[in-house]
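For reference, the chains in residue letters:
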Number of protein chains: 2
Amino acid sequence: MSKSLDIAVIGATGTIGETIVQLLEEREFPVTNLHLLAGSASAGQSVPFRGKNLRVRELADFDFSKVQLAFIAAGEAVAASYVAKARAAGCSVIELSGALPLDEAPRLVPEANGELLETLQPPFLLTSPAPAATALALVLAPLRSVLALQRITLTAALAVSSQGREGIAELAKQTTELLNMRPLEPKVFDKQIAFNLLAQVGAVDDSGHAHLERRIAQDLKQVLGVAELKVAVSCVQVPVFFGDSLSVSLQAAKPVDVAQAAHLLDKQPGIERVEEGDYPTVVSDAVGQDEVYVGRLRLGLDDPSELNLWIASDNVRKGSALNAVQIGELLIKHYL
Amino acid sequence: MSKSLDIAVIGATGTIGETIVQLLEEREFPVTNLHLLAGSASAGQSVPFRGKNLRVRELADFDFSKVQLAFIAAGEAVAASYVAKARAAGCSVIELSGALPLDEAPRLVPEANGELLETLQPPFLLTSPAPAATALALVLAPLRSVLALQRITLTAALAVSSQGREGIAELAKQTTELLNMRPLEPKVFDKQIAFNLLAQVGAVDDSGHAHLERRIAQDLKQVLGVAELKVAVSCVQVPVFFGDSLSVSLQAAKPVDVAQAAHLLDKQPGIERVEEGDYPTVVSDAVGQDEVYVGRLRLGLDDPSELNLWIASDNVRKGSALNAVQIGELLIKHYL
Ligand SMILES: NC(=O)c1ccc[n+]([C@@H]2O[C@H](COP(=O)([O-])OP(=O)(O)OC[C@H]3O[C@@H](n4cnc5c(N)ncnc54)[C@H](OP(=O)(O)O)[C@@H]3O)[C@@H](O)[C@H]2O)c1
Ligand SMILES: NC(=O)c1ccc[n+]([C@@H]2O[C@H](COP(=O)([O-])OP(=O)(O)OC[C@H]3O[C@@H](n4cnc5c(N)ncnc54)[C@H](OP(=O)(O)O)[C@@H]3O)[C@@H](O)[C@H]2O)c1
């Protein structure tokens, strides 16, 4: 790659934005000028990049014609307000909140549906899927052709960092308060999260599904290109700081060959498969790593066409920041 | 009830055994003499019962002909060694480890398959199922006739108290060590459990299933009387002290009427249903309660024959001690 771009990271002081900046440096992304943007609360802070401290500026004042690519990791409202502005200025956008519909802002996991870019024109608008969908899509991509998937049942156990800096602070605070026998007042989460599991992440609609559950299902279907697949998603908030854990049960059209599935996963870049007997966890394996970890591959107890597995993935890296940066790498290599 | 029995509680100093003793008192179980038994480690301790402190004695020396009913909550090895001895002395047994096969020691949840007792003869040998199976059977019992169940997919998030006193101590210790930045050495669990999720509970067999996962599936099928049902079980150890959380997806033979299912659950004794919008958790609802809490009832996103739900249940009470005592109540009322 000899091209180099001017780039903006919006939400640069957040959990995801900071990691995007780190990854741009680590992966030697061809950046000419890097513009770091946030809200009024953290404008003025500085963030290290390539040995310098870059000043974070306020998004409201930013002129998008200065950059060719923007990562937006600052929530749905910011995405909804600024995406059109960025593209009108000719800037391609990689968005992380999922605020925009599938047809306008397609979901992309380079290893699973990178070829989708061939059908699009610059300035691009792409979405990095919900982290659980990204991790699961990465694992299912090499399996989908041999499995003939009919149904996916997913319980996604989400780390508190999926609620950003405030989610992390709340788990730490509640844990300390409980160990010191002090009363606690939930703020970020609606109930006690320390030493507890919350069955609902965000509000639910009339049919009882959380917005995030619908998002994971639709993102997954678009990335895997399987609109007719039946998907059941239950999101659970768990007292874990970083890393999503996914309990997955797949129904295939015919008996599954577990050894073949294991072999296909072993060949797939970005996946670490843990052998039977052992299993991956977010703390011991996934956190801080680029790879998504898979284990506990096993047929159904009663059904040879069922494949069960477990995924441990860093929601901040491959789940969000890394996947977004990889989309950027694909864009700059072939399309920008 | 005017009958009254001499009763033994084996494992009386453990998490489950202590709760059995409390429930015998709370529920005014007709006990004449109560014999408390444990291993050599805690023999000599005393446990309160009806205002007195009862001395715990060593099981090895116990004469089972002194009692008509024994609760055994001291692990698989104790059950395997003492059940035959107890019954040879004419003592009925309620066992909690699941050490004995289904046909010898049938699984019983009074609300779901209490009528099974009609086919048996004293001295009885009955097993209280794995806690997750007990909670799920209680919830599915009123639904099974209308749903025509085809498949159950269960992710069971188990509290550390499912590993008894040592499990509880380990989570407390690791949490404190981590908050104080001290290194930790896992002992009871094979990896760090604080702020982490473990995808495997106990060893797995050649096909990759944990013993407990098989046990939950077989116990559930026996209690519900649905041998042909397809069941997928994934047990996950979570950093929660008390209470199991179950994420459940059911496939029925025909479209599910959620309002009808809710109504049937509302009528069922022993169940508290939480309305849509809110949801139960182990900490805020289930722990210390006799009821099993159910919430997040919702159809599939893509399949009207799918019903998803969430259960929060005290693994020590209805999951174990309470169900065992309820089996005892049924026995004394009709059969002993
Ligand atoms: N955490 C995850 O696992 C995850 C995963 C996938 C996607 N995402 C998406 O990424 C977004 C950021 O998540 P996060 O975890 O990094 O959150 P976070 O730690 O709370 O950080 C939020 C960032 O957005 C900035 N921001 C907030 N309001 C803004 C505004 N009006 N204008 C400009 N910047 C604004 C914040 O700056 P100030 O301090 O100035 O407000 C901060 O830099 C989320 O909204 C979510 O949609 C998060
Ligand atoms: N915890 C749960 O959620 C749960 C749920 C369902 C079933 N169960 C079953 O119930 C059993 C007890 O569980 P728990 O959680 O109460 O365990 P626990 O807290 O570790 O207590 C174990 C009890 O068993 C006694 N014991 C151990 N070895 C013995 C022996 N050789 N002879 C006589 N007594 C012996 C212990 O006495 P000492 O101190 O003298 O060793 C103690 O009273 C488990 O093994 C399990 O099979 C547990």
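This text gives an overview of the structure that appears in the document. (Residues numbered from 1 in each chain as written. Chains lettered and ligands numbered in written order. Predicted model: local features only at pLDDT ≥ 70, side-chain atom pairs only at ≥ 80, totals over all residues. Heavy atoms only, no water.)

1. Digging into the interface of chain A and chain B
Short version of the rule: Note on contacts: a residue pair is in contact if any heavy atoms of the two residues lie within 4.5 Å. By buried area we mean the combined loss of accessible area, with a 1.4 Å probe, across both parts when two parts are placed together. Note on definitions: salt bridges are taken to be side-chain nitrogens of Lys or Arg within 4 Å of carboxyl oxygens of Asp or Glu. Polar contacts, as counted here, are pairs of nitrogen or oxygen atoms within 3.5 Å of one another; within protein the pair requires one atom able to donate a hydrogen and one able to accept it, and residues that are adjacent in sequence qualify only if both atoms are side-chain atoms. Helix and strand definitions follow DSSP, with helices as H or I runs of at least four residues and strands as E runs of at least two, each counted in order from the N terminus.
At the junction of the two partners, chain A supplies 63 residues and chain B supplies 63 residues. Buried surface at the junction of chain A and chain B, both sides included, amounts to about 5200 Å², of which 53% is carbon and sulfur. We note a salt bridge from D278 of chain A to K191 of chain B, for which the minimum N-O separation is 2.8 Å. Counting across the chain A and chain B interface gives 36 residue pairs in polar contact (both at pLDDT 80 or more). At the level of elements, β8 (149-158), α6 (164-179), α7 (211-224), β9 (230-237), β10 (244-252), α9 (282-286), β12 (292-299) and β13 (306-313) of chain A are the ones that each hand at least two residues to the side of chain A that touches chain B.

2. Describing the relation of the copies chain A and chain B
Here is the rule: Residues below a pLDDT of 70 in either copy are left out; the C-alpha atoms of the rest, at least 70 in both, set the least-squares superposition of the copies.
When chain A is fitted to chain B, the best match, at an RMSD of 0.0 Å, comes from turning it 180 degrees and sliding it 0.0 Å along the axis. The two molecules are tied by a two-fold rotation axis, judged by turn and shift. Here 100% of the contact residues of chain A are again contact residues in chain B; the copies associate through an equivalent surface.

3. A word on the sheet that holds β13 of chain A
Residue and element names in this part refer to chain A. Under the convention used in this document: Pairing between strands requires that DSSP locate at least two bridges from one strand to the other. For helices, the fitted line uses only the C-alpha atoms of the stretch in contact; every axis is such a line through C-alpha atoms, and the angle between N-to-C directions lies from 0 to 180 degrees.
One open sheet holds the six strands; their spatial order is β9-β8-β10-β13-β12-β11, and the pairing between them is mixed. Because the sheet does not close on itself, it has two edges, and the strands there are β9 and β11 (271-273). Recorded for the sheet is a direction-independent mean angle of 20 degrees between the axes of neighbouring strands. Against the sheet, helix α8 (residues 258-267) engages β11, β12 and β13, with an angle of about 170 degrees to β12.

4. With respect to the pattern of salt bridges
Residues and elements named next belong to chain A. Under the convention used in this document: Summary of the burial criterion: residues with accessible area below 20% of their type's maximum are buried, those above 50% are exposed, and those between are partly exposed, where the area comes from a 1.4 Å probe applied to protein chains only.
Enumeration according to the criterion identifies 34 salt bridges over all chains in this entry. One salt bridge in this structure joins E111 and K318, with 3.0 Å as the shortest N-O distance. You can see E111 sitting in helix α3 (residues 110-113) and its partner K318 sitting in helix α10 (residues 317-335), a full 207 residues away along the chain. Judged by relative accessible area, which is 27%, E111 ranks as partly exposed.

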